[in-house]
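So you can see what is in the structure, the chains are spelled out below.
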Amino acid sequence: MPRHSYTYKALNSLVGKAIHRYGMIADGDRIAVGLSGGKDSMTLLWALAERLKRVPVDYTLLPIYVDPGFPGGFAENLSMACRQMGFDLHVDYSDHGPMAHSDANRENPCFLCARMRRKRLFQIADKLGCSKLALGHNKDDVIETLFMNICYAGEISTMVPRQEFFNGRFTVIRPLAMVDENSIQRFARAQDFPRFANPCPSAGNTKRSEIKGMLQTLYRSNRKIRGNIYRAMSHVKPKYLLK
Ligand SMILES: Nc1ncnc2c1ncn2[C@@H]1O[C@H](COP(=O)(O)OP(=O)(O)OP(=O)(O)O)[C@@H](O)[C@H]1O
């Protein structure tokens, strides 16, 4: 993608803004990057690598993929795509996907699978000497999570751009938290990132997809709504909430 294009500049600028605003990256950081094979995490790896060439802050990126263990996995092709970007992908073969969809699991499969994946990502990142884990959640994910938490957990909260775990020993960062999904889609298409079909039987059939559909309908009615919802999350008036 040409460096002067709007999508390229907007992506780098919003990633830079998020990194600054939330103090996400410091000199000498070793950052594990969770790669799922999707557009968001590929864009994330690309943006963090690109930034490294432009800023006077030195950090190391270590991409990790936790293979959920469904037949028809794409770990080797994803490793190849990473090599082309100059990275060695750390692949962890798991059975989280089939286990979460088995009769033994009485929880929501997505919930269990995501929890096991996050635990594994922390363990691998730790083994690789990283104290930060970068994830590819974007602005739309942040908004959807707000509605998921209101509708299904009865609380007003979302996933934050920077979150500390284990008394600050570990930090999750989300450098795409200010970038909307459409821009990432355009960018990933222009960069010709490989597309891998998600082999998970629950893909596209989740509570999150329902919320996403509802929000899309709302956005079509007024183009200011997405930005207003996002802004509302840092403009809370506790005095006007219930006790
Ligand atoms: N199997 C995995 N291995 C490593 N990291 C993962 C994996 N799945 C998801 N992640 C990380 O968690 C983030 C959010 O995952 P989610 O499944 O919600 O993907 P998404 O929003 O569709 O993003 P993407 O386009 O990167 O798949 C991803 O962007 C990625 O950083």
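The rules behind each value
Residues numbered from 1 in each chain as written. Predicted model: local features only at pLDDT ≥ 70, side-chain atom pairs only at ≥ 80, totals over all residues. Heavy atoms only, no water. Patch = residues over 30% accessible without salt bridge, like charges linked within 9 Å, V, L, I, M, F, W, Y side chains within 5 Å. Areas by Shrake-Rupley, 256 points an atom, 1.4 Å probe, with all protein chains shown as cover. Salt bridge = Lys/Arg side-chain N within 4 Å of Asp/Glu carboxyl O. Helix = DSSP H or I, 4+ residues; strand = E, 2+ residues; numbered from the N terminus. Contact = heavy atoms within 4.5 Å. UniProt positions renumbered as here; feature names shortened; annotations may be inferred. Phe/Tyr/Trp six-rings, centres within 6.5 Å; stacked < 30°, edge-to-face > 60°. Buried < 20%, exposed > 50% of the residue type's maximum accessible area, 1.4 Å probe, protein only. Lys NZ or Arg CZ within 6 Å of the ring centre and 35° of its normal. Axes fitted to C-alpha atoms, helices over the stretch in contact; angles between N-to-C directions. Parallel < 35°, antiparallel > 145°, perpendicular 65-115°, else oblique. Disulfide = S-S within 2.5 Å. Core = buried A, V, L, I, M, F, W, Y, C linked by side-chain atoms within 4.5 Å. Nonpolar A, V, L, I, M, F, W, Y, C, P; charged D, E, K, R; others polar.

Moving on, we come to a nonpolar patch on the surface. A grouping of Ile150, Ile156, Val236 and Leu241 is seen on the molecular surface, where their side chains present a nonpolar patch of about 360 Å² in accessible area. Position of Ile156 relative to the elements: it lies in the loop between helix H6 (139-153) and strand E5 (162-165).

Structurally, Asp29 is set in strand E1 (residues 29-34). Sequence-distant contacts of Asp29, defined by excluding residues within four places in its chain, comprise Met24, Asp58, Tyr59, Thr60 and Lys132.

In this section: the UniProt feature "domain: tRNA(Ile)-lysidine/2-thiocytidine synthase N-terminal" (unreviewed entry) in the protein. The sites that UniProt annotates as "domain: tRNA(Ile)-lysidine/2-thiocytidine synthase N-terminal" (unreviewed entry) are residues 31-194. Secondary structure across residues 31-194 divides into 46% helix and 17% strand, with the first and last C-alpha atoms of the span separated by 23 Å.

This brings us to the packing of aromatic side chains. Aromatic rings in a pair are described by how distant their centres are and how their planes are angled relative to each other. A full pass over the atoms with the stated rule returns nine aromatic pairs. Consider the rings of Tyr65 and Phe74, whose centres lie 5.4 Å apart with planes at 25°: the pair is stacked. Overall, Phe74 belongs to the buried group, its relative accessible area being 8%. Cluster of aromatic residues (ring-pair linked, three or more members): Tyr8, Trp46, Phe187 and Phe193. Against the face of Tyr230 rests Lys139, its NZ or CZ located 5.1 Å from the ring centre.

Here we come to the packing of helix H1 (residues 6-21) against helix H2 (residues 39-54). Geometry of a packed helix pair, given as the angle between the helix axes and the separation of the axes. Direction vectors running N to C along H1 and H2 enclose 80°, while the axes themselves pass 11 Å from each other. It follows from the interaxial angle that H1 and H2 lie roughly perpendicular. Contacts between H1 and H2 pair Tyr8, Leu11, Asn12, Val15, Gly16, Ile19 and His20 from the former with Thr43, Trp46, Ala47, Leu48, Glu50, Arg51 and Arg54 from the latter.

Our next topic: the state of the cysteines. A complete count under the given rule lists zero disulfides for this structure. In this structure Cys82 is a free cysteine whose sulfur lies 14 Å from that of Cys130, the closest cysteine sulfur available.

Here we come to the nonpolar core. Ranked by internal contacts, the top residues of the largest apolar core, which has 50 residues, are Val33, Leu48 and Leu61. In terms of residue count, H2 provides more of this core than any other element does, seven residues in total. Residues in contact with Leu48, not counting those within four places in the same chain, are Ile19, Ile25, Val33, Tyr59, Leu61, Ala134 and Pro175.

Turning our attention to the packing of H2 against helix H7 (residues 181-191). Between H2 and H7, the shortest axis-to-axis distance is 9 Å and the interhelical angle comes to 75°. Judged by the inter-axis angle, H2 sits roughly perpendicular to H7. Contacts between H2 and H7 involve Lys39, Asp40, Thr43 and Trp46 on the former and, on the latter, Glu181, Ile184, Gln185, Phe187, Ala188 and Gln191. Considering only residue class, the contact of H2 with H7 consists of four nonpolar, three polar and three charged.

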